[in-house]
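Letter by letter, the chains look like this.
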Amino acid sequence: MNNPEVIYANLTGDSEPFVTDSLCVNCEQQGKTTILLTKIPMFSNIIIVSFDCEHCGYKNNEVQFGGEIKDKGIKLNLKVSDPKDLQRQIIRSEFCKVLIPELEFEMPSNKKSSINTLEGFLQNIIDDLSHDQPIRKYTQVETYDRIEYIIEKLKQFKEGQGLPFNWIMEDPSGNSFIQNPNELQDDPQLKINHYIRTIEELEAMGYSAENQKQEIQQQQQVITDPIRQGTEKIQAGGQNFGQPIEDSVKNESINIPTPCNVCKEMGENKMCTVTIPHFKEILIMSFNCEFCGFKDTEVKATGEISKQGKLIELKFENEKDLCRDVFKSDTAKLRIPEIDLELGTGTLGGVYSNVEGLLEQILTRLRDNNPFVGDSADEDYKKKMEQIFQQLEEFKSGKKQFTLQIRDLVENSFIQNPFYPNEDNQVKITLFDRNDEDNDELGIDTMKTENYQN
């Protein structure tokens, strides 16, 4: 059986769109529809469709998603507090609804995907709401007044006045996106939550819910099955602290049958613990699907939540420092002040590697996980990112000194001291008290630790 033809093109200036004649819905003359099938790295396959009528000037643009829906739904909450936020690029899927809680306004999904700036979306909403206002003025006075109030507020928002307000997108398909204008920094104004979609949401998107029900039953069956004990060793990158793997990895791994997130066939999730000397145990989870080849690895710290957070600062001096083992937990932010780079807690997840490997993952993240980096990006932004990439390459090769800072909310991160038991003069460790925002991010304030039955 031949492999299917790949019809998606990379998002570059060399991509050739497909142009066809189409009937204009406005004047019923022949217009032109331009179709570009493209792939946004680490995001989704999309189809950009643009219609233009040279007779009446009517134009229309939309985005369609050529790939599958994501494993989970997504909720994006952008706090718009600066006029510059109005220029953020936004992708809204056909299943996404938009909320502006300050106006008690909700825009339901409209079965049409689109890409635009926030300012452009606000203008579209204003145009849609204004369309029937002349009729409502005489037939539905109260509704007219209420909509007129919303229109005036939206116009103020569009002009950068009356800020802040919240722009919330809830998308069960998981295909909506809001641009981070500074990919090098954590975005404090944008909160992203992924959630498990309901069967009702699946059916509303036109998908059969039977497969979802079967997956739930299958997962419940897995939970009731006894866990198999295996003796296969799991290779953990960065675990060698000058001793054999048998000394740091438990003799047996736990193997749990788990449905694959991609093809839904049964794969195997292997778990083992690795002891980092003079630190703590960490849990390594490695999933492999023999059916489709999908692989995934997670690293988690074990133990209780510490009373304080920890800031680790490494001053790089020579190439030997690239070989230091590093564990950055999923509750830690990472910063390199020399290039003004800051990555949030969920950006890389848990990483267990050495300094060189960590820098490589940062490079991969910045190059491949930004939908707006490419030949279509703004020239100034492209030049800035290329300079950052070049400096990271110099850091990774040991040609240039830098500072690596890891701020962990629960003391779960670690940088190896190669001079142990002697003091490491290149590493500075500072403990700090968490503030309310830190506790909220960890969910500590909402944890119930007493009277569980009440």
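Source: prediction; values computed, not measured. (Residues numbered from 1 in each chain as written. Predicted model: local features only at pLDDT ≥ 70, side-chain atom pairs only at ≥ 80, totals over all residues. Heavy atoms only, no water.)

For the protein chain, the count of helices and strands is eight helices and 26 strands. Expressed as a percentage of the 454 residues in the protein chain, the buried residues total 40%. Within the protein chain, counting contacts between residues at least 6 apart in sequence, those at least 24 apart form 64% of the total. Accessible area for the protein chain stands at about 26,300 Å²; split by element, carbon and sulfur atoms hold 46% of it. (Helix = DSSP H or I, 4+ residues; strand = E, 2+ residues; numbered from the N terminus. Buried < 20%, exposed > 50% of the residue type's maximum accessible area, 1.4 Å probe, protein only. Contact = heavy atoms within 4.5 Å. Areas by Shrake-Rupley, 256 points an atom, 1.4 Å probe, with all protein chains shown as cover.)

With that settled, consider the sheet that holds strand β7 (residues 89-92). Pairing is antiparallel across the open sheet formed by three strands, whose spatial order is β10-β7-β12. Both outer strands of the open sheet, β10 (114-117) and β12 (177-178), are each paired with one neighbouring strand and no more. Alignment of β7 against β12, held across two bridges, turns out to be antiparallel. Looking at β12, one finds that Ile 91 is bridged to Phe 177. (Pairing = 2+ DSSP bridges.)

Moving on, we get to the packing of helix α1 (residues 118-130) against helix α3 (residues 141-158). How two helices pack is summed up by the angle between their axes together with the distance between the axes. Two numbers describe how α1 lies on α3: the axes approach to 10 Å, and their chain directions differ by 160 degrees. As the angle between them shows, α1 and α3 are arranged roughly antiparallel. Between α1 and α3 lies a crossing whose hand is left-handed. Listed contacts from α3 to Glu 119, Leu 122, Gln 123, Ile 125, Ile 126, Leu 129 and Ser 130 of α1 are Ile 147, Ile 150, Ile 151, Leu 154, Lys 155, Phe 157 and Lys 158. Among the residues forming the contact of α1 with α3, the class breakdown is nine nonpolar, two polar and three charged. (Axes fitted to C-alpha atoms, helices over the stretch in contact; angles between N-to-C directions. Parallel < 35°, antiparallel > 145°, perpendicular 65-115°, else oblique. Left-handed = near helix turned anticlockwise from the far one by under 90°. Nonpolar A, V, L, I, M, F, W, Y, C, P; charged D, E, K, R; others polar.)

Before going further, it helps to spend a moment on the pattern of salt bridges. In the structure shown here, the tally under the stated rule is 13 salt bridges. A salt bridge links Lys 97 to Glu 106, with the nearest nitrogen and oxygen atoms 3.8 Å apart. For Lys 97, a relative accessible area of 28% puts it in the partly exposed group. Across the pair Asp 438 and Arg 407 runs a salt bridge, and its minimum N-O distance is 3.3 Å. Highlighted residues: Asp 438 in helix α8 (residues 436-442) and Arg 407 in strand β24 (residues 403-408), separated in sequence by 31 residues. Accessibility expressed as a relative area gives 30% for Arg 407, which makes it partly exposed. Each of the salt bridges in this network shares a partner with another, and the network as a whole consists of Lys 75, Lys 97, Glu 106 and Glu 170. (Salt bridge = Lys/Arg side-chain N within 4 Å of Asp/Glu carboxyl O.)

This paragraph deals with the sheet that holds β24. Working definition: the strands of a sheet are paired by backbone hydrogen bonds and lie parallel or antiparallel to each other. Strand order in this open sheet of five strands is β22-β21-β24-β19-β26, and the pairing throughout is antiparallel. The sheet terminates laterally at β22 (341-343) and β26 (427-432), the two strands that pair on one side only. On average, each strand axis in the sheet is tilted by 15 degrees relative to the strand beside it, whichever way the strands run.

On to α3. Taking 1.5 Å as the rise per residue, α3 with 18 residues should run 26 Å; its terminal C-alpha atoms sit 25 Å apart, in good agreement. Taken as a whole, α3 has its buried residues at Tyr 144, Ile 147, Ile 150, Ile 151, Leu 154, Phe 157 and Lys 158. The arc enclosing the buried residues of α3, seen along the axis, measures out at 145 degrees, which places them on a common side. Elements in contact with the buried residues of α3: β8 (97-100), β9 (105-107), α1, α2 (133-139) and β11 (165-171). Positioned one or two residues after α3, Gly 160 has a phi angle of 80 degrees, which is positive. (Expected span 1.5 Å × (residues − 1). Arc of directions from axis to C-beta.)

The next thing to look at is the confidence of the model for the protein chain. Of the residues in the protein chain, 76% reach a pLDDT of 70 or more, and the chain-wide mean stands at 77. Between the elements of the protein chain, mean pLDDT differs from a low of 38, seen in strand β14 (residues 228-230), to a high of 95, seen in β11. A low-confidence stretch, residues 218-251 stays under pLDDT 50, and its non-local contacts, those more than four residues away or across chains, total 61 contacts. (pLDDT = per-residue confidence, 0-100.)

To continue, consider the nonpolar core. Ile 336, Leu 359, Ile 362 and Leu 392 are the most contacted members of the largest nonpolar core, which totals 30 residues. The set of elements that each furnish at least two residues to this core consists of β19 (309-315), β21 (332-336), β22, α6 (355-368), α7 (379-396) and β24. The residues contacting Ile 336, other than those within four sequence positions of it, are Leu 341, Leu 359, Ile 362, Leu 392, Phe 395, Phe 402, Thr 403 and Leu 404. Core analysis: the second largest hydrophobic core is formed by 28 residues, Ile 74, Leu 76, Ile 150 and Met 169 among them. (Core = buried A, V, L, I, M, F, W, Y, C linked by side-chain atoms within 4.5 Å.)

Cis peptide bonds are those with omega within 30 degrees of zero, and the linkage from Leu 163 to Pro 164 qualifies with 5 degrees. Tracing the backbone through its elements, the reader meets Pro 164 in the loop between α3 and β11. For the peptide bond that leads from Tyr 420 to Pro 421, omega is 10 degrees, which places it in the cis range. Here Pro 421 lies in the loop between β25 (414-415) and β26. At Glu 28, a position not held by glycine, the phi torsion is positive, near 65 degrees.

What follows concerns the environment of His 55. Mapped onto the fold, His 55 is located in the loop between β4 (44-52) and β5 (59-65). In the structure, His 55 is positioned 31 residues away from Cys 24 in sequence and 9.1 Å away in space, judged by C-alpha atoms. A distance of 3.4 Å separates the side chain of His 55 from the backbone oxygen of Gln 30, its partner in a polar contact. (Polar contact = N/O pair within 3.5 Å; in protein donor to acceptor, adjacent residues only side chain to side chain.)

Two elements, strand β16 (residues 266-275) and strand β17 (residues 281-288), share eight bridges in a ladder whose sense is antiparallel. Each bridged residue has a counterpart across the sheet, and for Cys 272 the counterpart in β17 is Ile 284. Pairing of β17 with strand β18 (residues 295-301) involves seven bridges; the strand directions are antiparallel. Directly across from Leu 283, in β18, lies its bridge partner Lys 300. Linkage of β17 to β18, two consecutive antiparallel strands, is achieved through a turn of six residues, within which Gly 293 is found at a positive phi near 90 degrees.

Compared with the 26 Å implied by 1.5 Å per residue over 18 residues, the 26 Å span of α7 between its first and last C-alpha is a close match. Residues of α7 that are buried: Tyr 381, Met 385, Ile 388, Phe 389, Leu 392, Phe 395 and Lys 396. Along the axis of α7, the buried positions cluster into a sector of 115 degrees, meaning they face one direction only. Facing away from the buried surface of α7 by more than 90 degrees, the exposed residues are Asp 380, Lys 383, Glu 386, Gln 387 and Gln 390. The first or second residue beyond α7 is Gly 398, which carries a positive phi of 80 degrees.

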